[in-house]
There are 2 protein chains.
Amino acid sequence: MPSRPRIYLAGPDVFLPDALAIGARKKALCARYGFEGLFPLDETAAADPGGLPLDRVIFRSCVAMLRRADLGIVHLTPFRGPSADPGTVFELGMLLGLGKPVFGYTNLATDLIERVQRAEPVTRAADSRDWIDGDGLTVEDFGNADNLMIDAALAEQGHPIVRIAAPADRFRALAGFERCLQQAAAQFRLNA
Amino acid sequence: MPSRPRIYLAGPDVFLPDALAIGARKKALCARYGFEGLFPLDETAAADPGGLPLDRVIFRSCVAMLRRADLGIVHLTPFRGPSADPGTVFELGMLLGLGKPVFGYTNLATDLIERVQRAEPVTRAADSRDWIDGDGLTVEDFGNADNLMIDAALAEQGHPIVRIAAPADRFRALAGFERCLQQAAAQFRLNA
């Protein structure tokens, strides 16, 4: 049997108390669609050379998995603010730099601009189309789910970020993840 | 004269009302240290093929500049929450994936954990070393300025994120930026 394409599973899932269970569910879904899932926490212990601080061990382990992956699925649900988890965004960028296809989902359906407006005073000068936040900085208003670099990175590959509204279960809901698997399976010509 | 190494200037600076002036100051400092600065907004207009939405034009322009750059300096001052601007974090990841050296600075000296604790209730179970946020997610506590992927990406290259406390002028202060230029000049064996 040929080896299955490997998917790096990026997301704030690693911060959940049941992270390993979520990772197991994601990997089972990957297998159902013909892929192998690589969950960030899986190889941390094995990567420890001894004597290195844990954060550096985790970083090296994740980077090795990113390099080994054939593609990525990034979980972009907003995290401690209006935007996605920065660790996940870093990994999205790294996968792009490595030339690997990336698929992404968020479990909030809202635009970035709506979430910023809800979080702080956002104003617009009468003679301007630009929204300005409390620090005087422009707020993007392109109808995107997040910063344009995130949305465009996925849209330019032909599969815009999947938005599924599941706010109450936003860190665990997997419908958007499964939609990404379907997109990836179509691109990799695999049959579920 | 040999061409000067090109630095991609990532940061939330692009959202400032005086973004172009800040970009000009950064490029002048780059020149003083023997580099050429590439500011994200500089080439957007020239990159417009016509008929493409502005966000996609900006993305393509930035990606082309990231590929052309020899190194990056990323401005990681926290932005709309406890972490750095996600566009900048994406670009940090992309530069890493492209194998280019990256230097970084923040104008807040605090650890990530301190900022999360200030923003929301963070608790610790009596039998655990882990901090838990209001959503039940673990908060990293490695003494880092931001998510470990960001700090470690720089530290692993031998130049940890430069932290300079300039909270009142945090989106414009350039002392940390200049320190990054000095690090880069030393690595590229240039004389200011």
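Undergrad: Honestly, the interface of chain B and chain A in this entry has me stumped. Any pointers?
TA: Accessible area lost on assembly of the parts is the figure often given for the size of an interface. Each partner contributes residues to the interface: chain B has 51 residues there, and chain A has 51 residues. Interface area, chain B with chain A, both sides summed: about 4,200 Å², of which 66% is carbon and sulfur. Three residues, R80(B), F90(B) and M149(B), lead the burial of chain B against chain A; their summed loss comes to 19% of the area buried on that side. Here E156(A) ties to R60(B) by a salt bridge, and the two come within 2.9 Å at their closest N and O atoms. There are 18 residue pairs in polar contact (both at pLDDT 80 or more) connecting chain B and chain A. Those elements that provide at least two residues to the side of chain B that touches chain A are α3 (54-68), α4 (86-97), β7 (138-139) and α6 (148-155) of chain B. Considering each element in turn, the side of chain B that touches chain A owes the most residues, ten residues, to α4(B). Here the residues of the side of chain B that touches chain A sort into 29 nonpolar, nine polar and 13 charged.

Undergrad: Quick question: what am I supposed to make of the confidence of the model for chain A here?
TA: For any part of a model where pLDDT is low, the fine detail of the predicted coordinates should not be relied upon. When pLDDT is averaged along chain A, the result is 95; 98% of the residues meet or exceed 70. ipTM for the predicted complex: 0.97, alongside a pTM of 0.97.

Undergrad: Explain the packing of aromatic side chains to me, please; I cannot follow it from the model alone.
TA: The description of an aromatic ring pair rests on the distance of the ring centres and on the angle between the ring planes. All names here are of chain A. Taken as a whole, this structure holds ten aromatic pairs over all chains when the rule is applied. Between Y105 and F177, the ring centres sit 6.0 Å apart and the planes meet at 65°, which makes this aromatic pair edge-to-face. One end of the pair, Y105, is in strand β4 (residues 102-106); the other, F177, is in helix α7 (residues 175-187), with 72 residues separating them in the sequence. Owing to a relative accessible area of 0%, Y105 belongs among the buried residues under this scheme. Grouped by ring-pair contacts, the aromatic residues F15, F79 and F171 constitute a single cluster.

Undergrad: I'm lost on helix α6 (residues 148-155) of chain A in this one. Help?
TA: Every α-helical turn comprises 3.6 residues, leaving residues that sit three or four positions apart pointing alike. The buried count for α6(A) comes to eight of eight residues, which makes it a mostly enclosed element. Within α6(A), the full set of buried residues consists of L148(A), M149(A), I150(A), D151(A), A152(A), A153(A), L154(A) and A155(A). Looking at the buried residues of α6(A), the elements they touch are α4 (86-97), β4 and β8 (162-163) of chain A together with α3 and α4 of chain B. The N-cap of α6(A), judged by a side-chain oxygen 2.8 Å from the amide nitrogen of M149(A) a few residues on, is N147(A).

Undergrad: For this particular structure, what's the right way to read the sheet that holds strand β2 (residues 36-38) of chain B?
TA: What links the strands of a sheet is backbone hydrogen bonding, and the strands pair in either a parallel or an antiparallel sense. Residues and elements named next belong to chain B. Strand order in the open sheet formed by five strands is β2-β1-β3-β4-β8, and the pairing between neighbours is parallel. On the outer flanks of this sheet lie β2 and β8 (162-163), each paired with one strand and no other. Relative to strand β4 (residues 102-106), strand β3 (residues 71-75) runs parallel, the two being bridged by four bridges. Each bridged residue has a counterpart across the sheet, and for H75 the counterpart in β4 is Y105. Contacts from α3 reach β1 (6-10) and β2, with the element oriented near 140° to β1.

Definitions and cut-offs
Residues numbered from 1 in each chain as written. Chains lettered and ligands numbered in written order. Predicted model: local features only at pLDDT ≥ 70, side-chain atom pairs only at ≥ 80, totals over all residues. Heavy atoms only, no water. Contact = heavy atoms within 4.5 Å. Buried area = accessible area lost by both parts, 1.4 Å probe. Salt bridge = Lys/Arg side-chain N within 4 Å of Asp/Glu carboxyl O. Polar contact = N/O pair within 3.5 Å; in protein donor to acceptor, adjacent residues only side chain to side chain. Helix = DSSP H or I, 4+ residues; strand = E, 2+ residues; numbered from the N terminus. Nonpolar A, V, L, I, M, F, W, Y, C, P; charged D, E, K, R; others polar. pLDDT = per-residue confidence, 0-100. Phe/Tyr/Trp six-rings, centres within 6.5 Å; stacked < 30°, edge-to-face > 60°. Buried < 20%, exposed > 50% of the residue type's maximum accessible area, 1.4 Å probe, protein only. Pairing = 2+ DSSP bridges. Axes fitted to C-alpha atoms, helices over the stretch in contact; angles between N-to-C directions.

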